[in-house]
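# Topology and contacts: notes
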Amino acid sequence: MARKEGEEDGAPSRVPHLPWMRNPVDIESFSGCPVEHLPRLDPRLVKALDRMGIESFFPVQVASWLETVGPGAFERDICINSPTGSGKTLAYALPIVQMLSTRKVKEVFDGIAPVVSLSVGSAVGQSSIADEVSDLIENPKQGLYPTLDEECVRMEPQTKVDILVATPGRLMDHINMTKGFSLEHLQYLVVDETDRMLREAYQSWLPTVIQLTRSTNQNHSWSDMNGKTLLHPLTTIRRSGAERGFKGKCFPRLAKIILSATLTQDPSKLSQLELHHPLLLNSGKKRYRIPTKLQSYKLVCKSNLKPLSLIVLLQELRGEKCLVFTLSVESSHRLSTLLEFFEDLPFKFSEYSRLQRESTRRKTLDAFKEGKIDVLIGTDRMARGIHIDGLKYVINYDMPPYVKTYIHRAGRTARAGEAGSCFTFLRKHEVKAFDKMLKKADNSSCSLHSLPEESVETLRPVFSSALKKLEESLESEATKKSKPGYKAPNASKRKRTIHT
Ligand SMILES: Nc1ncnc2c1ncn2[C@@H]1O[C@H](COP(=O)(O)OP(=O)(O)OP(=O)(O)O)[C@@H](O)[C@H]1O
């Protein structure tokens, strides 16, 4: 039976299930490295990194480079378990861009088509599927192969990007429906946020991708009338150099990098990835690691006073950008509606929820990034993949259920070596469980933070009238929803875009 997230949160000393996880490469034994000192880095990439303001590499980036482009030569699939904000994106993007920039098939393409540099496409459901198709698929140009007998060659549309950034749902949409969309030349597969990706089946996206890439090189060669091969398709030469352990398996292989801040150890989940002699790069000794410059605080208060304590805490933070996490969309909505009935709060806040239209969510996030909103109230949906420059504070309005949840929520701050703080509201009886949960991670010390009682008390009179208004407001919303013909803001969108 598949384990739930919390069930595999073993004690710190627990021996990992899989032999290859027992002796990881310790990312912390690497130090940062100035960009120009990284061996074999293409000078064009040095310039690009300079334009991006990157002067030196973080340890995870150095470790990953050495195992892929460096002496490790990508002989093994790479599994990276490294904290939030530690720079995992560049740790895989840089080696892949460098390795693809020199691949043989590119030279072939360059010779026959006016494409010179690598192109990156996305299939993430942010634009319509039709727009994505036109960005990703090249329709055949007549006369591209003038020497071949037109009758022998069926010119099909084909994928025109070198690197595709995709969400599983949209990827599956293209696999199933887009003519000419093919993964048969895939050289590298990166699965970021691996633990989450493996938890969600997304129409079996992973077995499908692996299956589609397995039969490369064998299928289509073009023949003349006598069966003589005229031209092999423009297949990618996946890897050259030493390879290990390929008994009967396809070669060259599809090389993989998987990454997470909370990498699963569950063998049944990891086996779906069909990793090749995996090598684990791990940060520190423990399985979970909280960023070094993250300060954790707990605030103990009665549940009926939580909204007031939150307001007092937000007043203390003086309008600094802050994310507030609740356990459900309903409680996010309840909390933000309640706050609306407090006048003159010294911070601007907004709800951020999957119940809102995607366009509303995007506008809210932009306003937050631009500093027009100080506080976002939402659920764990905000805990993954969101990077907001200068975000210093995260508040767990509701206690996170698992240490992994804590790590991803808190990890929205204290990124890229910056300092940040995470506050967690707890009821008295939750304190013990919370302390125990945090102990599963490195750097888990957590101090008690108290709020001035008188500040909470001064808000009490407004609180009772705000609560009354809240109940009225929620009642009127419920009445609206129960009327025939009511359509939830994102109902139609959800139907069209599955699982993005
Ligand atoms: N070498 C570097 N120098 C300066 N900034 C960097 C460097 N590498 C990455 N960054 C910045 O650090 C931030 C965090 O990087 P990234 O999003 O890749 O972290 P992550 O490890 O993937 O985090 P998460 O697990 O939360 O997704 C980004 O703003 C990125 O631009």
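Predicted, not measured: the structure shown is a model, and the values here were computed from it.

### Some details on the domain arrangement of the protein chain
Splitting the protein chain by domain gives domain 1 (19-140 + 157-215 + 251-282) and domain 2 (294-472). Considering only the side of domain 1, the residues that lose the most area to domain 2 are Thr-84, Gly-85 and Thr-262, jointly responsible for 47% of the buried surface there. For the side of domain 1 that touches domain 2, a count of residues per class yields two nonpolar, five polar and four charged.

### Here's the deal with the sheet that holds strand S4 (residues 78-81)
The sheet built from five strands is open, its strands ordered S1-S13-S4-S12-S9 with parallel pairing. The open sheet has two edge strands, strand S1 (25-26) and strand S9 (188-191), and neither has a second partner. Both S4 and strand S12 (residues 255-260) contribute to a ladder of four bridges, which runs parallel. Looking at S12, one finds that Ile-80 is bridged to Leu-259.

### Details of the state of the cysteines
One pass over the structure, following the stated rule, counts zero disulfides. Here Cys-322 stays unpaired: no disulfide links it, and the sulfur of Cys-422, its closest cysteine neighbor, is 9.4 Å away. Among the residues examined, Cys-322 registers a relative accessible area of 0% and is labelled buried.

### Considering unusual backbone geometry
Backbone geometry at Glu-274 places phi at a positive 50°, although glycine is not the residue there. Mapped onto the secondary structure, Glu-274 falls in the loop between helix H9 (267-271) and strand S13 (279-282). One non-glycine residue, Ala-416, lies in positive phi territory at about 50°. Along the chain, the position of Ala-416 falls in the loop between helix H13 (403-410) and strand S20 (420-426). Residue classification places Ala-416 among the partly exposed positions, given a relative accessible area of 38%.

### Some remarks on the environment of Val-456
Residue placement: Val-456 occurs in helix H15 (residues 453-482). Here Val-456 falls in the buried class, since its relative accessible area comes to 8%. For Val-456 and Tyr-393, which are 63 residues apart along the polypeptide, the C-alpha to C-alpha distance reads 20 Å. When near neighbours in sequence (up to four residues on either side) are disregarded, Val-456 contacts Leu-308, Ser-309 and Val-312.

Conventions used here
- Here the residue numbering is sequential within each chain, running from 1 through the sequence in written order.
- Local features in this predicted model are restricted to residues of pLDDT 70 or higher, and side-chain atom pairs are both shown and tallied only at a pLDDT of 80 or more, whereas totals for entire chains, interfaces and linings draw on every residue.
- Side-chain measures were taken over the full set of non-hydrogen atoms in the model, leaving aside hydrogen atoms and water.
- Each domain span listed reflects an automatic or database assignment of domains.
- Here the quantity called buried area is the accessible surface, traced with a 1.4 Å probe, that two parts lose on coming together, added over both.
- Three categories are distinguished: nonpolar for Ala, Val, Leu, Ile, Met, Phe, Trp, Tyr, Cys and Pro, charged for Asp, Glu, Lys and Arg, and polar for the others, with Gly belonging to the last.
- Criterion used throughout: strands pair if DSSP finds at least two bridges between them.
- For helices the rule is a DSSP run of H or I covering at least 4 residues; for strands it is a run of E covering at least 2, with both sets numbered from the N terminus onward.
- We call a pair of cysteine sulfur atoms a disulfide whenever their separation is within 2.5 Å.
- Exposure categories follow from relative accessible area, calculated using a 1.4 Å probe and restricted to protein chains: below 20% of the type maximum is buried, above 50% is exposed, and the middle band is partly exposed.
- Between two residues, a contact is recorded if the distance between any of their heavy atoms is within 4.5 Å.

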